[in-house]
Amino acid sequence: MGMTMTQKILADHAGLKEVKAGQLINAKLDIVHGNDVTSPVAINEFNRCKAENVFDKSRITLIMDHFTPNKDIKSAENCKQVREFAKKFNIDNYYDVGQMGIEHALLPEQGLVVPGDTVIGADSHTCTYGALGAFSTGVGSTDMAAGMISGMAWFKVPSALKIVLKGKLQENVSGKDVILHLIGKIGVDGALYRSLEFTGEGVHALSMDDRLCIANMAIECGAKNGIFPVDDVTLEYVNGRAKREYKVYEADADAEYDEVIEIDLSALRPTVAFPHLPENTKTIDEIKPNEVKIDQVVIGSCTNGRMEDMEAAAKILKGKKVNKDVRTIIIPATQQIYLQCIEKGIIKIFIEAGAVVSTPTCGPCLGGHMGILAKGERAVATTNRNFVGRMGHPESEVYLSSPAVAAASAVAGYIADPAKI
Amino acid sequence: MKVQGKVHKYGNNVDTDVIIPARYLNTSEPSALAEHCMEDIDTEFVKNVSKGDIMVAERNFGCGSSREHAPIAIKASGISCVIASSFARIFYRNALNIGLSILECEEAAKEIKANDEVSVDFDTGVITDITTGKTYQAEPFPPFIQNIIEKGGLLNSLTK
């Protein structure tokens, strides 16, 4: 019986010829990652078991992105703790304010994760790197601590859903609409404990930014990981960035899948997830103009803070003004993206439109800082979760969309079709 | 090992943002996290919970963020066991790693009601609703997982 792409990567990292779904394995890790919220808990665990060193100082990444630039004294203390840990063990890839970006945009951009890797990160959106053809999954701080000490983690080998993509996306439709459509179809636990393996001729028409966005939200349908095959588009992105050698894995032709789901990309429409679950999706055609009036728009995050996202927003905001009742917050995900936005005149477009542009931070996505909602307020956000209280008051509401829909909605003052702005 | 307590009941997709909202994640102190456990969906939980109580919920408990603060908050609030139809995978792993007992049992998760008195025997996996007299069978944890829970977490089990 053949193996899925995920199973082949896991087998190789466990030193096994073959693995089967359900099998427990101990796998070698290429990268162990944490941020300013999860690393302090991991470091406390690391210290509590009196570990003397990390397994490999070049394979740990620590990125201060959630509550940074620090929003209060406690978060400053947390970053200080991680900074001191990074200094003590001479961690190569510690990123602080000035170099840091949103973790899941930064690690691929800097070539720190590469195809064929096995990665754990103490952040649920660690699944993003599946876009590069790596196995990557979110874990908690204890697993991060054990990973930093041993360079290993145990896994239950997942079975998989095969997602066959066909056709090509239409204008104003992006990777975000693909993943929201899929979550709407299978539900927030539709892939629980399993892999999502994206395949089919439609993959080749998707940009890396689209793939990173799609893999990023695999967790929102419960998946252990989401993974894409490695093709010319991947290699073009990886070559020149990769800090290590990479390895290309392919699923066996006779790999077994729990289920096969086909998605015709050309038939997809801009899609919005209504409160309070990412599965509550509607296409833009099902939402009437003026139906959902909004108070805030956030364009950014590990899901949609990349260059193509900035360009999609700029295309709509160019020469227009955002609605006077909509606070529009735009957050390029890394310093490199920020700089590119300056060089291409995109920041000027945003500011002239009446939006505010922030330094990279996860801040508003998780209701941390930089854009908290008051009671009864509504936001359209290009982020990944719209749970109760996610962006502020428990009685506020978050609507998840692509950057194009978010920018169009900022101008309209209500959830709007980018084609009609 | 056996536990017994009063039930706090919730529905499907209880996410880690409502278990412990991100606005409180600037600390990892268990008692500070416990003060805000569940507050966005149940403002009474912190007032009503007693040591040993049991949390029962339905599908996909603990979905969302990987924050270990979520099982830490539940454990520090005094909850002795969480029973659900299914758990989100990161939460499942985190709960065991920090020594919070969890059991998957669809029938129990559906039928047990708020404020019922329930006991759980971890050696056998038997869940007893003392209020209704009904028993349910969950898959018991193998001894090495029970050891992690009894020692108070994965790293404790390695070092003690």
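Before going into details, it helps to say that this report is about the structure given with it.

Cut-off values and rules
Residues numbered from 1 in each chain as written. Chains lettered and ligands numbered in written order. Predicted model: local features only at pLDDT ≥ 70, side-chain atom pairs only at ≥ 80, totals over all residues. Heavy atoms only, no water. Core = buried A, V, L, I, M, F, W, Y, C linked by side-chain atoms within 4.5 Å. Buried < 20%, exposed > 50% of the residue type's maximum accessible area, 1.4 Å probe, protein only. Helix = DSSP H or I, 4+ residues; strand = E, 2+ residues; numbered from the N terminus. Domains from an automatic or database assignment. Contact = heavy atoms within 4.5 Å. Buried area = accessible area lost by both parts, 1.4 Å probe. Salt bridge = Lys/Arg side-chain N within 4 Å of Asp/Glu carboxyl O. Polar contact = N/O pair within 3.5 Å; in protein donor to acceptor, adjacent residues only side chain to side chain. Nonpolar A, V, L, I, M, F, W, Y, C, P; charged D, E, K, R; others polar. 1 Å grid on protein atoms, 1.4 Å probe; cavity = no way out; pocket = protein on both sides within 12 Å on 5 of 7 lines; lining within 4 Å. Points joined across faces, edges and corners; volume = space filled by probe spheres on them.

As for the nonpolar core
1) Next: Formed by 98 residues in total, the largest nonpolar core has its most connected members in Phe350(A), Ile415(A), Phe61(B), Ile74(B), Phe91(B), Val120(B) and Ile127(B).
2) Next: Here this core gets 8 residues from one element, more than from any other, and that element is helix α13 (residues 403-412) of chain A.
3) Next: Each of domain 1 (5-264) and domain 2 (271-420) of chain A accounts for three or more of the residues forming this core.
4) Next: Phe61(B) has contacts with Val14(B), Ile19(B), Met55(B), Ile74(B), Val82(B), Ala84(B), Ser86(B), Phe87(B), Ala88(B) and Phe91(B), leaving out every residue within four places of it along the chain.
5) Next: Tyr129(A), Leu206(A), Met217(A) and Val238(A) belong to the second largest nonpolar core, which has 62 residues in total.

Some remarks on the interface of chain A and chain B
1) Next: Facing the 44 residues of chain A at the interface are 36 residues of chain B.
2) Next: The contact between chain A and chain B buries some 3,300 Å² in all, and 54% of this surface belongs to carbon and sulfur atoms.
3) Next: By the criterion of area lost to chain B, the three top residues of chain A are Thr142(A), Tyr193(A) and Phe387(A), representing 16% of everything that side buries.
4) Next: Along the contact surface separating chain A from chain B lie 3 salt bridges.
5) Next: The shortest N-O distance in the salt bridge between Arg93(B) and Asp143(A) comes to 2.6 Å.
6) Next: At the junction of chain A and chain B, the tally comes to 20 residue pairs in polar contact (both at pLDDT 80 or more).
7) Next: Elements with a contribution of two residues or more to the side of chain A that touches chain B: α2 (39-48), α3 (73-88), β6 (135-138), α5 (141-150) and β7 (152-156) of chain A.
8) Next: Its residues assigned to classes, the side of chain A that touches chain B shows 19 nonpolar, 14 polar and 11 charged.

Considerations on α5(A)
1) Next: Most of α5(A) sits inside the fold, with 8 of its 10 residues counted as buried.
2) Next: In the stretch just after α5(A), Gly151(A) is the one whose phi turns positive, near 70 degrees.

Regarding the pattern of salt bridges
Residue and element names in this part refer to chain A.
1) Next: This structure, assessed with the given rule, holds 35 salt bridges over all chains.
2) Next: Salt-bridge contacts for Asp 72 lead to Lys 71; the nearest nitrogen and oxygen are separated by 3.6 Å.
3) Next: Judged by its relative accessible area of 25%, Asp 72 is partly exposed.
4) Next: Here the residues in one salt-bridge network are Asp 30, Asp 56 and Arg 59, joined through shared partners.

Remarks on the layout of surface pockets
1) Next: By volume, the largest pocket is sized at about 780 Å³.
2) Next: Taken together, 28 residues line the largest pocket, and the ones lying closest to its centre are Leu24(A), Trp154(A), Lys156(A), Tyr92(B) and Leu96(B).
3) Next: Counting residues per element, the ones that place at least two in the lining of the largest pocket are β1 (24-28) and β7 of chain A together with α5 (89-98), β4 (102-104) and α7 (143-151) of chain B.
4) Next: Per-class residue counts for the lining of the largest pocket are 17 nonpolar, 4 polar and 7 charged.

Describing empty space enclosed by the protein
1) Next: Tallied over the entire structure, the rule returns 5 cavities of 30 Å³ or more.
2) Next: Taken as a whole, the largest cavity encloses approximately 220 Å³ of empty space.
3) Next: Lining the largest cavity are 23 residues, with His66(A), Asp123(A), His125(A), Leu366(A) and Arg390(A) sitting closest to its centre.
4) Next: Breaking the lining of the largest cavity down by element, the ones donating at least two residues are α4 (103-109) and α9 (301-304) of chain A.
5) Next: Taken together, the residues that form the lining of the largest cavity break down as 8 nonpolar, 10 polar and 5 charged.
6) Next: Each of domain 1 (5-264) and domain 2 (271-420) of chain A accounts for three or more of the residues forming the lining of the largest cavity.
7) Next: Put simply, the second largest cavity is a space of about 50 Å³.
8) Next: Considering the residues around the second largest cavity, the lining is formed by Ile219(A), Gly222(A), Gly62(B), Cys63(B), Gly64(B), Ser65(B), Ala88(B), Arg89(B), Ile90(B) and Phe91(B).
9) Next: For the lining of the second largest cavity, the class distribution of residues is 5 nonpolar, 4 polar and 1 charged.

Digging into the side chain of Asp40(B)
1) Next: The topology assignment puts Asp40(B) in the loop between α2 (30-34) and α3 (45-48).
2) Next: Asp40(B) gets classed as buried once you look at its relative accessible area, which sits at 11%.
3) Next: Reaching out from Asp40(B), the side chain makes a polar contact with the side chain of Arg23(B) at a distance of 2.6 Å.
4) Next: If we ignore the near neighbours within four places in the chain, the residues touching Asp40(B) are Val388(A), Gly389(A), Pro394(A), Val18(B), Pro21(B) and Arg23(B).

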